[in-house]
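Structural description and commentary
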Amino acid sequence: MANDLYGDIQKTAESMLTPGVGRVTMNQTSGVVVVTDVPEVVRSIGDYLRDENTKLSKQVLLKVVVYTVHTDISDKLGIDWDIVFQSLSGKYGIHLANAFNAGSDLSQGGFEILQTATGRASQFAGSKFLLQALSEQVTVSDVKTLSIMTTNLATAGMQIGKQTTYLRKTSVTTGNATTGSEPVQSLEPGEITTGTNIHIMPKILADNEKMMLTMMMDISSLNKLRKIENKNKTESIEAPDTDSRSIPQRVWLKPGETVIMSGFEQNIQEGSQQGVGSPGNFLFGGGMSGKSKKESFVITITPLLR
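Here we summarise the structure given alongside this text.

The rules behind each value
- Sequence order as written defines residue numbering, which begins from 1 separately in each chain.
- Confidence filtering applies because this is a predicted model: local features only for residues at pLDDT of at least 70, side-chain atom pairs given and counted only at 80 or more, and all residues used for totals across whole chains, interfaces and linings.
- Heavy atoms from the whole structure form the basis of all side-chain values; hydrogens and water molecules are not counted.
- Numbering of helices and strands starts at the N terminus; helices are DSSP runs of H or I of at least 4 residues and strands are runs of E of at least 2.
- Throughout, exposure labels follow a simple rule: accessible area from a 1.4 Å probe, protein chains only, divided by the maximum for the residue type, with under 20% read as buried, over 50% as exposed, and the rest as partly exposed.
- Working rule for contacts: check all heavy atoms of both residues, and any pair within 4.5 Å makes them a contact.
- Only the protein chains shown count as covering a residue, and every accessible area follows the Shrake-Rupley method with a 1.4 Å probe.
- Helix span, expected: 1.5 Å multiplied by one less than the number of residues in the helix.
- Think of it as the arc spanned by the lines of direction from the helix axis to the C-beta atoms.

A separate point is the overall build of the protein. Along the protein, the regular secondary structure elements total 4 helices and 12 strands. Taken over 306 residues, the protein has a buried fraction of 40%. In the protein, once contacts between residues fewer than 6 apart in sequence are set aside, the share between residues at least 24 apart is 70%. Of the roughly 16,800 Å² that the protein leaves accessible, carbon and sulfur atoms contribute 49%.

Our focus in this paragraph is helix H2 (residues 39–56). For H2, built from 18 residues, the straight-helix expectation of 26 Å at 1.5 Å per residue is met to within 8% by its first-to-last C-alpha distance of 26 Å. Regarding H2, the residues found buried are Val41, Ile45, Gly46, Tyr48, Leu49 and Glu52. For H2, the arc enclosing every buried residue in end-on projection is 165 degrees, short of the 170-degree limit, so these residues lie on one face. Those residues of H2 that are exposed and aimed more than 90 degrees away from the buried face are Pro39, Glu40, Arg43 and Arg50. Considering only its buried residues, H2 is in contact with helix H1 (5–15) and strand E2 (32–36).

With that out of the way, let us pick up the environment of aspartate 47. Here aspartate 47 shows up in helix H2. Judged by its relative accessible area of 45%, aspartate 47 falls in the partly exposed class.

Here it is in structure tokens:
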């Protein structure tokens, strides 16, 4: 997702110069390009730069909604996405852009695309009524909405995380028999952040009819805090065990359509977080089984042109 827009533009402009005659310099701080060449080449490079400015100045509003679902069921758990999509279609007129294997990818960390709603619901795209459809079968305990403004081919990032404090270090100050001071034990806390980091880069086609979203999701969860003691068991510290995974996604959609991503789950037991099934399987969604409380996340992204 990294790119060098200024460097790429300069290389393209240099390739258009008259060999041995033309020169081009770029001030990357101010974005000013100076071209010295015959008039025809200068005009061609000017047309190219104006076209690039038009493309890169397009603004995109990314509406990101994160739904948190808590369940406390001992048998089969998960969101039945077929029922959710039937509710969205029948009640609100919101359909899948591609109904092939609807819901199967969502239960395994994939994505689906909801078309823009029509009629009175058109202003809400697909994210507003998704909450109502989800609430018909599970309890949605929290909804976070973030609006991120970016431009064409510029990466935007967001983090949804949880900070956990643990005992990182202990130390003992030796007492002094002369002054009568006693040994003092000091505790040094540590802090670890887990959750989801999402980076999104939009690429808009020239006609503004479609765009490509390139997304990278870094997901981490805390399995447990291990207690580590010294040989005499007089001192101890805590060591966090975490899982992490990076998931790249790339999808074509129309502005106003909604990308739904699911399959982000973790178990919560007695205040500590455990991987689903085993500490190594914290990412796989709907249809898993377990006896503990499950925390699931559904993420929607709706890009809008501004």
